[in-house]
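This is what each chain is made of:
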Amino acid sequence: MTAPAPPLAMLAELTHRCPLQCPYCSNPRELERASNEMDTAKWLDILEQATDLGILQVHFSGGEPTVRKDLVVLVEKAAQLGLYSNLITAGVLLDQAAVRRLFDAGLDHVQLSFQDSEAGSADLIGGFKDGHRRKLEVARWIRAADLPLTINAPLHRRNLSHLDAIIEMAVELGAERFEAAHVQYYGWALRNRGALMPTRAQLEAATVTVEAARARLKGVLVIDYVVPDYYARRPKACMGGWARQFLNVTPVGKVLPCHAAESITGLDFDRVTERPLADIWQDSEALRRFRGTDWMPEPCRSCDRREIDWGGCRCQAFALTGDAAATDPACEKSPEHLAMFSLAESESAQPPPPFVYRRIGAKA
């Protein structure tokens, strides 16, 4: 295999701490405690290594990245290095002065998550009292600071009936982009799948809503739409392919191909605290494991889409088959595809069980 091209972007997971407790969180079920997090000096070094590697974008995430007292310092460093910086946040810990400090430090973009358009439902889903009201304030402060804003709304059976209202909320808040992404079932979302899985009818109605909104709001709001894999016929090119365009650095320095990769047992991910980032990207055994097409089994190996979807999602294959190298069950050519579809229909037909909230130390 030839040497991989540099990744386009790095997700910097600064922490797993978060005041919200969303039951669809993609963080691993075993969350890292604050005492294990890398310090400021190490993150500054990682940003320099990322630049040297050829990375162009850094996405500051978590958990909730604004719990880190050094966030402004890291944003400022990214700006000095010429990295495009994006803050992925729940927003509830920000005030207007903090938003302004981030803007002054050179932050380029904010991606703000909303759980629903209605305060009661949003606060129930996020497990955080008064969170929705705070988010509305933060969105207005972001736009007042002239920062570009994306509204991110994870979709599932508990909020899909409000999709029209959520889209209108994004417009009213001055967002330039709206990410309508159905929950993908890894991490805590897998634990809560029965509480989150939409019915086929809900999905079809949501798709109609999105297409109508795209036509109505053309030139006003860009809408990205991601359907749940359980109802798909073909897999998506997850992260543009395993370790092809993207890398993720966890709070303790593990370098992953995606935020959910730790759900695959049996892979040993190198740490940037022990090995240079460039070496890990180019020669890590875990990153090489599913990069490209040589690893693929049939029918993937001979499929004419093998360099389009790159085999789909390895985390999903592992979650549903126990084998990370198996054909992604989202693909209609997978022997597990029908069982995946039937599982979605069966679980979505049942009354939703209570949420198991994301909490450090919780038994997920």
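Residues numbered from 1 in each chain as written. Predicted model: local features only at pLDDT ≥ 70, side-chain atom pairs only at ≥ 80, totals over all residues. Heavy atoms only, no water.

What to know about empty space enclosed by the protein
Just so we agree on the cut-off: The distinction between a cavity and a pocket rests on a 1 Å grid over the protein atoms alone: a 1.4 Å probe fits inside a cavity but cannot get out, while a pocket stays open yet meets protein on both sides within 12 Å along at least five of seven lines, and a residue with an atom within 4 Å of a point counts as lining. Grid points are joined across faces, edges and corners, and a volume is the space filled by probe spheres set on the points. For this classification, Asp, Glu, Lys and Arg are treated as charged, while Ala, Val, Leu, Ile, Met, Phe, Trp, Tyr, Cys and Pro are nonpolar and the rest, including Gly, are polar. Secondary structure counts use DSSP, requiring at least four H or I residues in a row for a helix and at least two E residues in a row for a strand, with both numbered from the N terminus.
Taken as a whole and judged by the stated rule, the model has two cavities of 30 Å³ or more. What the largest cavity holds in volume is close to 70 Å³. Its residues assigned to classes, the lining of the largest cavity shows eight nonpolar, two polar and one charged. Of the voids in this model, the second largest cavity is the one considered here, and its volume is about 40 Å³. Looking at the second largest cavity, the residues that line it are Leu 20, Gln 115, Ala 122, Asp 123, Gly 126, Phe 128, Gly 131, His 132 and Lys 135. Contributing elements (two or more residues each) for the lining of the second largest cavity: α4 (119-126) and α5 (131-144).

A closer look at the nonpolar core
So the rule is basically this: Side-chain atoms within 4.5 Å are what join buried Ala, Val, Leu, Ile, Met, Phe, Trp, Tyr and Cys residues into a set we call a nonpolar core. Residue burial is assigned from relative accessible area. The probe radius is 1.4 Å, only protein chains are included, and a residue is buried under 20% of its type maximum, exposed over 50%, and partly exposed in between. In what follows, a contact means two residues having at least one pair of non-hydrogen atoms within 4.5 Å.
Counting 103 residues, the largest nonpolar core has Met 10, Phe 60, Ile 151, Phe 178, Leu 247 and Val 249 as its most contacted members. Beyond its immediate sequence surroundings of up to four residues, Ile 151 is in contact with Leu 112, Phe 114, Ala 170, Leu 173, Ala 175, Arg 177, Phe 178 and Glu 179.

Looking at the pairing of strand β3 (residues 84-89)
To keep it simple, the criterion reads: By the convention used here, strands pair only if DSSP detects at least 2 bridges between them. The handedness rule is simple: strands pointing away from the viewer, and a clockwise path from the first strand over the helix to the second, make the crossover right-handed.
By the bridge criterion, four bridges tie strand β2 (residues 57-61) to β3 in an arrangement that is parallel. Counterpart to Gln 57 in the pairing with β3 is Tyr 84. In this region the chain leaves β2, passes through helix α2 (residues 71-81) and returns to the parallel neighbour β3; the handedness of that crossover is right-handed. Judged from the four bridges that link them, β3 and strand β4 (residues 109-113) form a sheet pairing that is parallel. Residue pairing across strands places Ile 88 opposite Gln 111, the latter belonging to β4.

Describing the sheet that holds strand β1 (residues 9-13)
Heads up, the condition is: Orientation is described by axes fitted as lines to C-alpha atoms, over the contacting stretch for helices, and by angles from 0 to 180 degrees between their N-to-C directions.
Strands sit in the order β7-β6-β5-β4-β3-β2-β1-β8-β9 across an open sheet of nine strands; the sheet is mixed. Each end of this open sheet is capped by a strand with a single partner; those strands are β7 (222-226) and β9 (255-256). Relative to strand β5 (residues 149-155), β4 is paired through four bridges, and the arrangement is parallel. Each bridged residue has a counterpart across the sheet, and for Gln 111 the counterpart in β5 is Thr 150. Strands in contact with helix α1 (residues 40-53) are β1, β2 and β8 (246-249); relative to β1, the strand with the most contacts, it is inclined by about 170°.

Topic: the pattern of salt bridges
In plain terms, the rule: One side-chain nitrogen of Lys or Arg within 4 Å of one carboxyl oxygen of Asp or Glu is enough to make a salt bridge.
For the coordinates displayed, the defined rule picks out 20 salt bridges. Between Asp 70 and Arg 68 there is a salt bridge, with its nearest N and O atoms 2.8 Å apart. Each member of the pair Asp 70 and Arg 68 is classed as buried. Ionic pairing is found between Glu 204 and Arg 200, a salt bridge with its closest N-O pair at 3.4 Å. In this pair, Glu 204 and Arg 200 both sit in helix α9 (residues 200-216), four residues apart, roughly one turn of the helix.

A few points about the environment of Leu 163
Looking at the element boundaries, Leu 163 is found in helix α6 (residues 163-172). Exposure remark for Leu 163: the relative accessible area of 1% places this residue in the buried category. In sequence terms Leu 163 and Asp 116 are 47 residues apart; their C-alpha atoms lie 8.2 Å from each other. Other than its neighbours up to four places away in sequence, Leu 163 contacts Leu 155, Phe 178, Ala 206, Thr 209 and Val 210.

Examining the layout of surface pockets
Considering only enclosed or pocket space, the second largest pocket measures out at about 300 Å³ in volume. Of all elements in the fold, only α7 (187-191) and α12 (314-321) reach the threshold of two or more residues within the lining of the second largest pocket. Counting residues per element, the lining of the second largest pocket draws most heavily on α12, at three residues. Split by residue class, the lining of the second largest pocket holds seven nonpolar, eight polar and four charged.

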